[in-house]
Amino acid sequence: MSSVAPRTIALGQLLPDFALPDHLANQSVGPLSLDSRKVKKGGTFIALPGHAEDGRHFIVDALGHGAELVFEEAEDDSFELKDFHQMPLLSIPHLSSMVSEIAKDFFDSPSRDLKVVGIKGT
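Analysis parameters
All residue numbers refer to position in the chain's written sequence, counted from 1. In keeping with the predicted nature of the model, local features appear solely for residues at pLDDT of at least 70, side-chain atom pairs appear and are counted solely at 80 or more, and the whole-chain, interface and lining totals rest on all residues. Side-chain numbers come from the whole structure's heavy atoms, not from hydrogens or water. Think of it in three bands: with a 1.4 Å probe and only protein chains considered, a residue is buried below 20% of the maximum accessible area for its type, exposed above 50%, and partly exposed in between. Strands here are runs of E lasting at least two residues and helices are runs of H or I lasting at least four, both read from the DSSP assignment and numbered beginning at the N terminus. Along the arc lie the directions from the helix axis toward the C-beta atoms. Contacts are assigned to residue pairs that have any heavy atoms within 4.5 Å of one another. A pair is scored as a salt bridge if a Lys or Arg side-chain nitrogen falls within 4 Å of a carboxyl oxygen belonging to Asp or Glu. Strands are labelled as partners when DSSP assigns at least two bridges between them. Only centres within 6.5 Å qualify two rings of Phe, Tyr or Trp (six-membered ring in Trp) as a pair; their planes then separate them into stacked at under 30 degrees, edge-to-face at over 60, and tilted for everything else.

Some points on helix α4 (residues 95-106)
At step 1: Taken together, the buried positions of α4 are occupied by Leu95, Val99, Ile102, Asp105 and Phe106. The buried residues of α4 all sit within an arc of 140 degrees when viewed along its axis, so they share a single face. Exposed and oriented more than 90 degrees from the buried face of α4 are Ser97 and Ser100.
At step 2: Structurally, α4 contributes buried residues whose contacts are with α1 (11-14), β1 (32-33), β2 (44-47), β3 (69-73) and β5 (87-92).
At step 3: With its phi angle positive at about 60 degrees, Asp108 sits one or two positions after the end of α4.

This is the structure in structure tokens:
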């Protein structure tokens, strides 16, 4: 069975639908985290609004844990690149619906190596 260790991937490969400056498009993306407390040094924090808490309120905490890049759910339908404490912060429209695709690409489609078996019985 193959490992699900992340491959090296450039931000431009992970987000091909967005116009990024060359220096960011070529930047390697660090380990992904939805939890600001679990961000690793050099990691990427994905800040999503939730039912009880809004992940965007924890961006400073993620930065304190070593985040070098943040994706946040945009307030409207426009993509925006911000500089947040000298760290790139990308406001991405409809980010919540893109998270599974981002993770699939980041981890190089780990489910393709899974064997699926269906068992039917009465």
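Here the narrative resumes.
Some details on the side chain of Ser33
At step 1: With respect to the secondary-structure elements, Ser33 resides in strand β1.
At step 2: Residue classification places Ser33 among the buried positions, given a relative accessible area of 10%.

Observations concerning the pattern of salt bridges
At step 1: Tallied over the entire structure, the rule returns 7 salt bridges.
At step 2: Across the pair Arg37 and Asp35 runs a salt bridge, and its minimum N-O distance is 2.9 Å.
At step 3: For Arg37, a relative accessible area of 61% puts it in the exposed group.
At step 4: Judged by relative accessible area, which is 18%, Asp35 ranks as buried.
At step 5: Among the salt bridges present, the one from Arg56 reaches Asp54, with a minimum N-O distance of 2.7 Å.
At step 6: When its relative accessible area of 14% is taken as the criterion, Asp54 is described as buried.
At step 7: Salt bridges sharing partners connect three or more residues here, namely Asp54, Arg56 and Glu75.

Here's the deal with the pairing of strand β4 (residues 80-84)
At step 1: Where β4 and β5 come together, 5 bridges link them in antiparallel fashion. Directly across from Glu80, in β5, lies its bridge partner Ser91.
At step 2: Remark: 2 residues form the turn of the hairpin made by β4 and β5, two consecutive strands paired antiparallel; His85 in that turn has positive phi of roughly 50 degrees.

Notes on the packing of aromatic side chains
At step 1: Under the definition given, this model contains 2 aromatic pairs.
At step 2: Between Phe106 and Phe107, the ring centres sit 5.0 Å apart and the planes meet at 85 degrees, which makes this aromatic pair edge-to-face.
At step 3: For Phe106, a relative accessible area of 1% gives the class buried.

Nothing here speaks to function; it is geometry throughout.
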